[in-house]
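# Summary of the model geometry
Below are the chains, spelled out letter by letter.
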Amino acid sequence: MLRGEELYSGKAKSVYRCERDDALILKFRDDTSAFDGEKMESLDRKGVVNNKFNAFIMQHLESQGVKTHFLELLSDDEALVRKLEMFPIECVVRNIASGSMTRRLGIEDGTDLAPPTFEFFLKNDALHDPMINEYHIESFGWADADAVAFMKARTFEVNKILGKLFADANMILVDFKLEFGRQGETLYLGDEFTPDGCRIWDAKTREKLDKDRFRKGLGGVVEAYEQVAARLGLQL
Ligand code: ADP
Ligand code: UDP
């Protein structure tokens, strides 16, 4: 599959046209950002690790009946995906309080959330991805009521599937972010599922194995992602 014109270069991935009108090439770069792009660094091997990690997770989700945009791995750091019209929305499920929720609500980091909780955020770096609700989404036309219900239900379903996958490998899926899009009438899970967009802790020690290592300057970021992959049985 030949890589065509670059359509978009985001904070961690680049999007290219390809020979298929209904597909795109996603290139996972080593670039790593936090705090809406305020902290940026290039981390050796991260693009390759995340591309393969994402392919593994998307294929697992497909095997469990979740429709995803993933089509095939094209190279170490590139994947072919269905071309979607993305909703400008982030769907977050949290099993344990951490990150922005603890700051916003004064909740102690590490508090169990039963049942798991759900938040929508608007994808807008200039506004620092503000939290929004279903009424905002419908009033401003970011998605219709059916799409909102679908994204919410699917995100909880992904939480069940992946919560078990990580638990079986002695890890806790603390929280994660998903993005969805549409191709024609069909809605798909898009973007990525990697340790860049979720929190994963060791089940016993609660050691952080995700992008919080980068946010907090703990070091060993890509090494931690590789450890998560290895525990899931993924050969990188
Ligand atoms: P950001 O835009 O937040 O900086 P990335 O660097 O990850 O993020 O850029 C990837 C971009 O590609 C995101 O804007 C994402 O919404 C978009 N995207 C992901 N999957 C698809 C897809 N299947 N079709 C079209 N766009 C996609
Ligand atoms: N997240 C993400 N992209 C964003 C915002 C959040 O992937 O633009 C992920 C983040 O990695 C975490 C979850 O969504 O796993 C919840 O993030 P939170 O709201 O706590 O924000 P943070 O404090 O991490 O910026």
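Residues numbered from 1 in each chain as written. Chains lettered and ligands numbered in written order. Predicted model: local features only at pLDDT ≥ 70, side-chain atom pairs only at ≥ 80, totals over all residues. Heavy atoms only, no water.

All right, on to the site of ligand 2 then. Taken together, 16 residues are adjacent to ligand 2, and Arg 94, Ser 100, Asp 175, Arg 199 and Arg 215 come closest. In the environment of ligand 2, an oxygen atom lies 2.5 Å from a nitrogen or oxygen atom belonging to the side chain of Ser 100. Between an oxygen atom of ligand 2 and a side-chain N or O atom of Arg 103, the distance comes to 2.9 Å. Alone, ligand 2 offers 500 Å² of accessible surface; in the complex the protein occludes 81% of this. Assessed atom by atom at 2 Å from the grid points, ligand 2 resides in the largest pocket. (Near = heavy atom within 4 Å. Polar contact = N/O pair within 3.5 Å; in protein donor to acceptor, adjacent residues only side chain to side chain. Areas by Shrake-Rupley, 256 points an atom, 1.4 Å probe, with all protein chains shown as cover. 1 Å grid on protein atoms, 1.4 Å probe; cavity = no way out; pocket = protein on both sides within 12 Å on 5 of 7 lines; lining within 4 Å. Sits in = over half its atoms within 2 Å of the grid points.)

Bringing the environment of Tyr 188 into the picture now. Tracing the backbone through its elements, the reader meets Tyr 188 in strand E13 (residues 186–190). We classify Tyr 188 as buried; its relative accessible area is 9%. (Helix = DSSP H or I, 4+ residues; strand = E, 2+ residues; numbered from the N terminus. Buried < 20%, exposed > 50% of the residue type's maximum accessible area, 1.4 Å probe, protein only.)

Taken together, 15 residues form the shell around ligand 1, and within it Tyr 8, Lys 11, Ala 12, Lys 13 and His 69 come nearest. With respect to ligand 1, the backbone of Arg 82 contributes an N or O atom lying 2.8 Å from a nitrogen atom. A distance of 2.8 Å separates an oxygen atom of ligand 1 from a polar atom in the side chain of Glu 179. Structurally, ligand 1 is housed in the largest pocket.

Of all five residues in strand E2 (residues 13–17), four are buried; the element is thus mostly enclosed. As paired elements, strand E1 (residues 6–9) and E2 share three bridges and run antiparallel to each other. Each residue of the ladder has a partner; that of Ser 9, found in E2, is Ser 14. Counting the residues between successive antiparallel strands, the hairpin from E1 to E2 contains three residues. (Pairing = 2+ DSSP bridges.)

Right, let's get into helix H4 (residues 145–167). Taking 1.5 Å of rise per residue, 23 residues should cover 33 Å, and H4 covers 33 Å from first to last C-alpha, within 8% of that figure. Buried residues of H4: Ala 147, Val 148, Met 151, Arg 154, Thr 155, Val 158, Asn 159, Ile 161, Leu 162, Leu 165 and Phe 166, and no others. The backbone nitrogen of Asp 146 lies 3.2 Å from a side-chain oxygen of the residue at the head of H4, namely Asp 144. (Expected span 1.5 Å × (residues − 1).)

Roughly 1700 Å³ of internal volume is contained in the largest pocket. Every residue lining the largest pocket is counted, 50 residues in all, and those nearest its centre are Lys 11, Glu 90, Asp 129, Lys 177 and Glu 179. Looking at the lining of the largest pocket, the element that brings in the most residues is strand E12 (residues 171–183), giving four residues. Looking at the lining of the largest pocket residue by residue, the classes come out as 16 nonpolar, 11 polar and 23 charged. (Points joined across faces, edges and corners; volume = space filled by probe spheres on them. Nonpolar A, V, L, I, M, F, W, Y, C, P; charged D, E, K, R; others polar.)

Here the focus is the environment of Ile 107. Checked against the element boundaries, Ile 107 lands in the loop between helix H2 (100–105) and strand E10 (112–122). Put simply, Ile 107 and Lys 208 are 101 residues apart on the chain and 19 Å apart in space, counted from C-alpha to C-alpha. In contact with Ile 107, other than residues within four places in its own chain, are Ala 97, Met 101 and Thr 102. (Contact = heavy atoms within 4.5 Å.)

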